[in-house]
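An overview of the molecular structure
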Amino acid sequence: MLRHPVITICAVSLFGIAAACGNGGEPSETRSPEPPADPPSRVAAPAVAAPAVAERSGAPGPSGAAPVNAQEQSTTGGAAGVAWTVPPRWVVQPPRTMRVATYLIPKAGEDDEPGECAVFYFGRGQGGSVDLNLQRWRDQFESDTGGQPSLAQRTSTINDLAVTTVSLAGTYLASMGPMFQSGAVKKPGFRMLGAIIEAPEGNVFVKLTGPEKTVLSADDEFQAFLNSLRK
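The structure contained in this document is the topic of the report that follows. Just so it is clear, the structure is predicted and the values come from calculations on it, not from any experiment.

1. Things to note about the pattern of salt bridges
Inspection of the entire model under this criterion finds six salt bridges. One salt bridge connects arginine 99 with glutamate 116, and the closest N-O pair in it is separated by 3.2 Å. Of the two residues, arginine 99 sits in the loop between β3 (91-92) and β4 (101-105) while glutamate 116 sits in strand β5 (residues 115-120), which places them 17 residues apart along the sequence. Sharing partners across several salt bridges, the network here consists of Arg96, Arg99 and Glu116.

Next up, the structure:
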């Protein structure tokens, strides 16, 4: 007489176990419904990521704010005792010899190629003085008449760091080949934005080059890059 109740209990138990496995180990009837405004990817994001990104980007903090999407998080870099934030539109490139970082700047309009921002640090006391490097950069350009172009130079203080910036335009004497000889390829209609940061552990050199329209389209981003400098 007891056989049928035992079989019924076992069947109910097996059905309950199967239902729990199909819902990730939690019976669906015991869970509260999620608010429709929160997509699954945001619910699954680490709780600690949002405040850190919000501080860097200036976005609202965790009180009442939705977590920041992973694609919107700021990329940072650093060298010689300083750090910076990379503009969202710039694309981080693979490591390259003698460079701290390389960023690709999307080309503007009908320019033939994108721009490039290279960051160099050679060590404490290495790489030469500010004036020496400004002259080197000037030598990498020539005017329409074949002479040296004018150089717009400015020195300022950004977050207690001395920063010298320059702007050049003309024909870029690009360094190419195994020995990186200057002038191996001539690129007319180019522009350069440069910066030398006097960091706590030595000079950091930032050089953004590319077709003129592309570089001009990144001018505000370059300034934001410099304004983000911090020890």
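That covers the picture; the talk isn't over yet.
2. Considering the nonpolar core
Generally speaking, nonpolar side chains in soluble globular proteins are found buried as a group. By size, the foremost hydrophobic cluster in this structure holds 27 residues, and its most contacted members are Trp84, Trp90, Tyr103 and Leu208. Elements represented by at least two residues in this core include exactly β2 (82-86), β4, β5, β8 (161-176), β9 (181-199), β10 (202-211) and α6 (219-227). Here this core takes four residues from β9, the largest share from any one element. Residues Trp137, Val166, Tyr172 and Met192 belong to the second largest nonpolar core, which totals 14 residues.

3. Concerning the packing of aromatic side chains
Ring pairs (aromatic) are described by centroid distance and by the angle formed between their planes. Here the structure, examined in full by the defined rule, presents eight aromatic pairs. Here the aromatic rings of tryptophan 84 and phenylalanine 225 are separated by 5.7 Å at their centres, their planes lie at 45°, and the arrangement is tilted. Of this pair, tryptophan 84 sits in strand β2 while phenylalanine 225 sits in helix α6, and the two are 141 residues apart along the sequence. Ring pairing ties together the aromatic residues Trp84, Trp90, Tyr103 and Phe225, which thus form one cluster.

4. Some details on the side chain of threonine 171
Its location among the elements puts threonine 171 in strand β8. Looking at threonine 171, the relative accessible area reads 12%, which means it is buried. In this view, threonine 171 contacts Gln140, Phe141, Glu142, Lys186, Lys187 and Pro188; residues no more than four positions away in its chain are not counted.

Each value, and the rule that gives it
Residues numbered from 1 in each chain as written. Predicted model: local features only at pLDDT ≥ 70, side-chain atom pairs only at ≥ 80, totals over all residues. Heavy atoms only, no water. Salt bridge = Lys/Arg side-chain N within 4 Å of Asp/Glu carboxyl O. Helix = DSSP H or I, 4+ residues; strand = E, 2+ residues; numbered from the N terminus. Core = buried A, V, L, I, M, F, W, Y, C linked by side-chain atoms within 4.5 Å. Buried < 20%, exposed > 50% of the residue type's maximum accessible area, 1.4 Å probe, protein only. Phe/Tyr/Trp six-rings, centres within 6.5 Å; stacked < 30°, edge-to-face > 60°. Contact = heavy atoms within 4.5 Å.

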